[in-house]
Amino acid sequence: MSTRADQAIAALRKGHDDLSALVAGLTPEQLTGPSAADEWDVSQVVSHLGSGAEINLEAVQASLEGRPAPEFEFNKGVWARWDGMTPQERQAEFPVANQRLVEAYEALTPEQRESHKIDVGWMPEPVDVATSALLRLTEYGYHDWDVRAALDPSAALAPEAAALISDRVEGLFGWIAKPANLDGRTADLLVQLTDTGETLTLHLTDPVTLGAAPAGPLDGTLSLTLEEWLRLAAGRLKPAYTSSSVSITGPISLDDLRAVFPGY
């Protein structure tokens, strides 16, 4: 029976294989062209994923060897090295670094996947393997899209990643959502996920929260697919990447929601 950890690790493998193949074929012009992540070119997104792979791998290895999680100085050194690479070096080094991380997750035994704890360094306490892999998958899935959307504005989040990220999206609100950008306005929106049939309630208050759909009427309705909802919550539903099927009613506009969820 497939566990949550198994699913996340399998999604990381699929994402690695697909993005590595794409990155390998990028031209110098594509590497230095703008990505869908604000202020980063494509090679900088690749650099971020490569450095993140090294930092995550160190945390996994430290947990297996009984060592403390890597300290911030370790992270700074990794970031500086990747920042100093040329776009072509990032293109070559990213698949190698990310392969090592994916292989480390894949090497975990069923028992470890069930009970092992990993100190990721910034959470209050060590987390289980499923959570560790899902944290990486969330970062990886969105930045994978940042690269793909630079080449194709109609690109979507990888479905195997989106299915798992959906359980974590509210956890992003605490450090991504900016309700102050509504200038004191509040609203409760019914979120209709048109492809899954699921309905949620988005409470645009401080803090922003997500809940089950109530029986009574709300202030408005937002209709979009699960994939589009996940991108909106991470600041990746800008006009250039929004399909005509996305609709919203009520006092809150789509631009208002983009201001609440400016991304990272």
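As a reminder, the structure under discussion sits directly above these lines.
This text gives an overview of the structure that appears in the document. Because the structure is a prediction, the values reported are computed rather than measured. (Residues numbered from 1 in each chain as written. Predicted model: local features only at pLDDT ≥ 70, side-chain atom pairs only at ≥ 80, totals over all residues. Heavy atoms only, no water.)

### Section: the packing of helix α3 (residues 42-65) against helix α7 (residues 129-151)
Packed helix pairs are specified by the crossing angle of their axes together with the interaxial distance, meaning the distance between the axes.
Part 1 of the argument: The contact between α3 and α7 brings their axes to 9 Å, and the two run at 160°. Compared by their axis directions, α3 and α7 come out roughly antiparallel. Where α3 crosses over α7, the two elements pack in a sense that is left-handed. Where α3 abuts α7, its residues Val-42, Val-45, Val-46, His-48, Leu-49, Gly-52, Ala-53 and Asn-56 lie against Arg-136, Glu-139, Tyr-140, His-143, Asp-144, Asp-146, Val-147 and Ala-150. (Axes fitted to C-alpha atoms, helices over the stretch in contact; angles between N-to-C directions. Helix = DSSP H or I, 4+ residues; strand = E, 2+ residues; numbered from the N terminus. Parallel < 35°, antiparallel > 145°, perpendicular 65-115°, else oblique. Left-handed = near helix turned anticlockwise from the far one by under 90°. Contact = heavy atoms within 4.5 Å.)

### Quick look at the pattern of salt bridges
Part 1 of the argument: In this structure the tally under the stated criterion is 16 salt bridges.
Part 2 of the argument: As a salt-bridge pair, Glu-139 and Arg-136 come within 3.2 Å of each other at their nearest N and O atoms. Taken together, the positions of Glu-139 and Arg-136, both in helix α7 and three residues apart, correspond to about one turn of that helix.
Part 3 of the argument: On the accessibility criterion, Arg-136 (1% relative accessible area) is buried.
Part 4 of the argument: Between Arg-185 and Asp-256 there is a salt bridge whose closest N-O contact spans 3.1 Å. Placement of Arg-185 in the loop between α9 (169-176) and β3 (187-193) and of Asp-256 in helix α11 (residues 254-260) is noted, with a sequence separation of 71 residues between them.
Part 5 of the argument: Using a relative accessible area of 38% as the deciding quantity, one classes Arg-185 as partly exposed.
Part 6 of the argument: Assessed through its relative accessible area of 15%, Asp-256 is described here as buried. (Salt bridge = Lys/Arg side-chain N within 4 Å of Asp/Glu carboxyl O. Buried < 20%, exposed > 50% of the residue type's maximum accessible area, 1.4 Å probe, protein only.)

### Here we look at the nonpolar core
Part 1 of the argument: Tyr-105, Phe-173, Leu-202, Leu-204 and Trp-229 are the most contacted members of the largest nonpolar core, which has 80 residues in total.
Part 2 of the argument: With 10 residues, α7 is the largest single contributor of residues to this core.
Part 3 of the argument: Not counting chain neighbours up to four residues away, the residues in contact with Tyr-105 comprise Ile-9, Leu-12, Val-60, Arg-113, Ile-118, Val-129, Ser-132 and Ala-133. (Core = buried A, V, L, I, M, F, W, Y, C linked by side-chain atoms within 4.5 Å.)

### Comments concerning the sheet that holds β3
Part 1 of the argument: Strand order in the open sheet formed by five strands is β5-β4-β3-β6-β7, and the pairing between neighbours is mixed. Two strands in the sheet have a free side with no partner beyond their single neighbour: β5 (209-212) and β7 (247-248).
Part 2 of the argument: Examined bridge by bridge, β3 and strand β6 (residues 220-224) share five bridges and lie parallel to one another. Residue Gln-192 lies in a different strand from β6, and its bridge partner there is Ser-223.
Part 3 of the argument: Across the face of the sheet, α9 comes into contact with β4 (199-204) and β5 while running at roughly 155° to β5. (Pairing = 2+ DSSP bridges.)

### Observations concerning the side chain of His-116
Part 1 of the argument: For His-116, the location among the structural elements is in the loop between α6 (110-115) and β1 (117-118).
Part 2 of the argument: Here Ser-63 takes part through its side chain, which lies 2.9 Å from a polar atom of the side chain of His-116.
Part 3 of the argument: Every residue in contact with His-116, bar those within four places of it in the chain, is listed here: Ser-63, Leu-64, Glu-111, Val-127, Asp-128 and Val-129. (Polar contact = N/O pair within 3.5 Å; in protein donor to acceptor, adjacent residues only side chain to side chain.)

### Focus: the packing of α9 against helix α10 (residues 226-233)
Part 1 of the argument: At a minimum axis distance of 10 Å, the contact between α9 and α10 shows a crossing angle of 20°. Relative to α10, the element α9 is oriented roughly parallel. Here α9 runs over α10; the crossing is left-handed. Side by side, α9 and α10 meet where Val-169, Phe-173 and Ile-176 of the first sit next to Trp-229, Leu-230 and Ala-233 of the second.
Part 2 of the argument: Of the residues assigned to the contact of α9 with α10, the class counts are six nonpolar, no polar and no charged. (Nonpolar A, V, L, I, M, F, W, Y, C, P; charged D, E, K, R; others polar.)

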